[in-house]
Amino acid sequence: DAIPERGQWNVFYIDLHGMDFSEHRAMCPVTAAAIDAIPGAYHHALFSALAPSTHVSPHFGPTNRKLRCHLPIVVPRAGADGKCPCGLRVGDQVITPVEGRAVVFDDSHLHEAWNDSDTPRVVLIVDVWHPDLSREEVRFFQYVQSAQLRSARRL
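In what follows, the accompanying structure is described.

Parameters at a glance
- Residues numbered from 1 in each chain as written.
- Predicted model: local features only at pLDDT ≥ 70, side-chain atom pairs only at ≥ 80, totals over all residues.
- Heavy atoms only, no water.
- Helix = DSSP H or I, 4+ residues; strand = E, 2+ residues; numbered from the N terminus.
- Rg over C-alpha atoms; globule rule 2.2 N^0.38 Å.
- Buried < 20%, exposed > 50% of the residue type's maximum accessible area, 1.4 Å probe, protein only.
- Contact = heavy atoms within 4.5 Å.
- Pairing = 2+ DSSP bridges.
- Phe/Tyr/Trp six-rings, centres within 6.5 Å; stacked < 30°, edge-to-face > 60°.
- Lys NZ or Arg CZ within 6 Å of the ring centre and 35° of its normal.
- Polar contact = N/O pair within 3.5 Å; in protein donor to acceptor, adjacent residues only side chain to side chain.
- Salt bridge = Lys/Arg side-chain N within 4 Å of Asp/Glu carboxyl O.
- Disulfide = S-S within 2.5 Å.

We now examine the overall build of the chain. Across its full length, the chain carries 3 helices and 10 strands. Listed by position from the N terminus, the elements making up the chain come as β-β-α-α-β-β-β-β-β-β-β-β-α. Computed over its C-alpha atoms, the radius of gyration of the chain comes to 16 Å, within 12% of the 15 Å expected for a compact globule of 155 residues. In terms of its C-alpha atoms, the chain occupies a principal-axis envelope of roughly 50 × 35 × 30 Å. Out of the 155 residues in the chain, the part that is buried amounts to 41%. Considering only contacts in the chain between residues 6 or more positions apart, those separated by 24 or more positions represent 78%.

Dropping the structure here:
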């Protein structure tokens, strides 16, 4: 995971590869149910909050076998200059968040996020298996991922 260059980045997990987040899910049951209904769910879903004056430095996600969906929930208002004070850069594309408008990207590409406002920015992040993978490939990767998680839990 990336580390903020400055400021604070907080997450609130809904789903993380079989870990028990039932208390979190009970706090947002409609969101949890919607996530559970997503075909091809990668079982990695969370609310991501960037505090004011936060910059998550450029980083690469761990794999290209999934795609990441960012659904902006709370976006700080534009400043006096009319520009949105927060954003997401994926590769060389800068994306201005709009509340309720999802963005899907391959987070194995270099990406960063920032919030230069004085209020928090919140997005719902949901990962899905890459649609170019066959069912057999997804099953194989799920098996490998499950074995890795079981092994890590024993350590």
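Turning next to the pairing of strand β9 (residues 111-115). Look at any regular strand and the pattern is simple: side chains alternate between the two faces of the sheet. Judged by how many residues are buried, β9 sits mostly within the fold: 5 of 5 residues are covered. Neither face of β9 is open: one carries His111, Ala113 and Asn115, the other Glu112 and Trp114, and all of them are buried. Pairing geometry for strand β6 (residues 86-90) and β9, over 5 bridges, is antiparallel. Note that in β9 the partner of arginine 89 across the bridge is glutamate 112.

Okay, the packing of aromatic side chains next. Here the structure, examined in full by the defined rule, presents 4 aromatic pairs. A centroid spacing of 4.6 Å and a plane angle of 65° characterise the contact between tyrosine 42 and tryptophan 129, whose relative ring orientation is edge-to-face. Of this pair, tyrosine 42 sits in strand β3 (residues 41-50) while tryptophan 129 sits in strand β10 (residues 121-129), and the two are 87 residues apart along the sequence. The exposure class of tyrosine 42 is buried, given its relative accessible area of 4%. The ring of tyrosine 42 carries lysine 66 above its face, with NZ or CZ at 6.0 Å from the centroid.

Counting through the fold element by element, threonine 54 comes out in strand β4 (residues 54-59). A polar atom in the side chain of threonine 54 sits 2.9 Å from the backbone oxygen of alanine 51.

To continue, consider the pattern of salt bridges. If you walk through the whole model with that rule in mind, you get 7 salt bridges. In this structure, arginine 6 engages aspartate 116 in a salt bridge whose closest nitrogen and oxygen atoms are separated by 3.0 Å. Here arginine 6 is found in strand β1 (residues 4-6), whereas its partner aspartate 116 is found in the loop between β9 and β10, with 110 residues between them in sequence. Connected through salt bridges with shared partners, the residues Lys66, Arg68, Asp107 and Asp127 form a single ionic network.

Of all 10 residues in β3, 8 are buried; the element is thus mostly enclosed. Where strand β2 (residues 9-16) and β3 come together, 7 bridges link them in antiparallel fashion. Residue pairing in the sheet places valine 11 in a bridge with serine 48 of β3. Of the pairings in the sheet, the one linking β3 to β10 comprises 7 bridges and is antiparallel in character. Within the sheet, the bridge partner assigned to serine 48 lies in β10 and is valine 123.

Let us now look at the state of the cysteines. Here, the word disulfide means a covalent bond between the sulfur atoms of two cysteines. Applying the stated criterion across every chain, the model contains 0 disulfides. Here cysteine 28 is not cross-linked by a disulfide; its sulfur's nearest cysteine counterpart is in cysteine 69, at 15 Å.

With that out of the way, let us pick up the environment of alanine 102. Mapped onto the elements, alanine 102 comes out in the loop between β7 (93-95) and β8 (103-105). In this structure, the C-alpha to C-alpha distance between alanine 102 and cysteine 69, residues 33 residues apart in sequence, is 6.5 Å. Those residues in contact with alanine 102 that lie beyond four places of it in its chain are Cys69, His70, Leu71 and Pro72.

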